[in-house]
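In case you want the letters, here they are:
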Amino acid sequence: KNPSKILNKECAVLRKLVNLWAKAKPRPHDVWKVVIQVDEEEGKILRVADKAESEMQGTKMLDLPMINYFSVGQESKVGLNFDKNRTKSQSCNLCVYAWQGMSTELACTSIQHVTEMVSGMYMGND
């Protein structure tokens, strides 16, 4: 929820928050290097834009920094479907997110195991 009266008194609350954020020290654990590699024959990497998925042709690996959070699984599916159906209304977006969460969690007809999506997790250089 947004802080109340954030814009009152010439944005005093907002100015205080921005000053705190500007003074904050970055923490190295907030940034992860993530390498995503899919099967050469069957795998594909999809990009979501304008409520549609498009395959990144010829791309079988991504090597990217991720900020703060990385996930695969049902919550990722919810987030992806939410992005496809996002609206311009914050209230409507809450409903879209709730619907995507419920429809994903209540999809009892198929079971997807993480081993079908992830073949390995590695930490460090080894």
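Below you will find a few notes about this structure. In this text, all values refer to a predicted model and were calculated from it rather than measured experimentally.

How each quantity is defined
Throughout this document, residue positions are counted from 1 along each chain, in the order its sequence is written. Whole-chain, interface and lining totals are the exception, using all residues; otherwise, since this is a predicted model, local features are given only for residues with pLDDT of at least 70 and side-chain atom pairs are given and counted only at 80 or more. As a rule here, side-chain values cover all heavy atoms of the structure and leave hydrogens and water aside. Two rings from Phe, Tyr or Trp (for Trp, the six-membered ring) form a pair when their centres are within 6.5 Å of each other. A pair whose planes differ by under 30 degrees is stacked, one over 60 is edge-to-face, and the rest are tilted. Numbering of helices and strands starts at the N terminus; helices are DSSP runs of H or I of at least 4 residues and strands are runs of E of at least 2. Each residue gets one of three labels from its accessible area relative to the maximum for its type: buried under 20%, exposed over 50%, partly exposed in between, using a 1.4 Å probe on protein chains only. Criterion for a disulfide: a pair of cysteine sulfur atoms within 2.5 Å. Between any two strands, at least two bridges found by DSSP are needed for them to pair. Each helix should span, by expectation, one fewer than its residue count multiplied by 1.5 Å. We define the bend at any residue as the angle between the axes fitted to the seven residues before and including it, ending there, and the seven starting there.

**Looking at the packing of aromatic side chains**
And step 1. Summed over the entire model, instances satisfying the criterion amount to 1 aromatic pair.
And step 2. Here Phe82 and Tyr97 contribute two aromatic rings whose centre-to-centre distance is 5.4 Å and whose plane-to-plane angle is 80 degrees, an arrangement assigned as edge-to-face. Residue Phe82 is found in helix H2 (residues 74-84), and its partner Tyr97 is found in helix H3 (residues 90-105); the two are separated by 15 residues along the sequence.
And step 3. The class for Phe82 is buried, based on a relative accessible area of 11%.

**Describing the state of the cysteines**
Two cysteines joined by a covalent bond between their sulfur atoms form a disulfide.
And step 1. All chains considered together, the criterion is met by 0 disulfides.
And step 2. Note on Cys92: no disulfide assigned, nearest cysteine sulfur contributed by Cys95 at a separation of 6.2 Å.
And step 3. Cys95 sits in the exposed class, given a relative accessible area of 55%.

**Concerning the pairing of strand E3 (residues 52-55)**
And step 1. In the sheet, strand E2 (residues 46-49) pairs with E3 via 4 bridges, with the strands oriented antiparallel. What sits directly across from Ala49, in E3, is Ala52.
And step 2. Between the end of E2 and the start of E3, which pair antiparallel, lie 2 residues, with Asp50 showing a positive phi angle near 50 degrees.

**A look at helix H1 (residues 8-23)**
And step 1. In this model, H1 (16 residues) spans 23 Å end to end at C-alpha, consistent with the 22 Å of a helix rising 1.5 Å per residue.
And step 2. Taken as a whole, H1 carries its principal kink of about 35 degrees at Arg15.

Everything listed here is a matter of geometry and, on its own, says nothing about what the molecule does.
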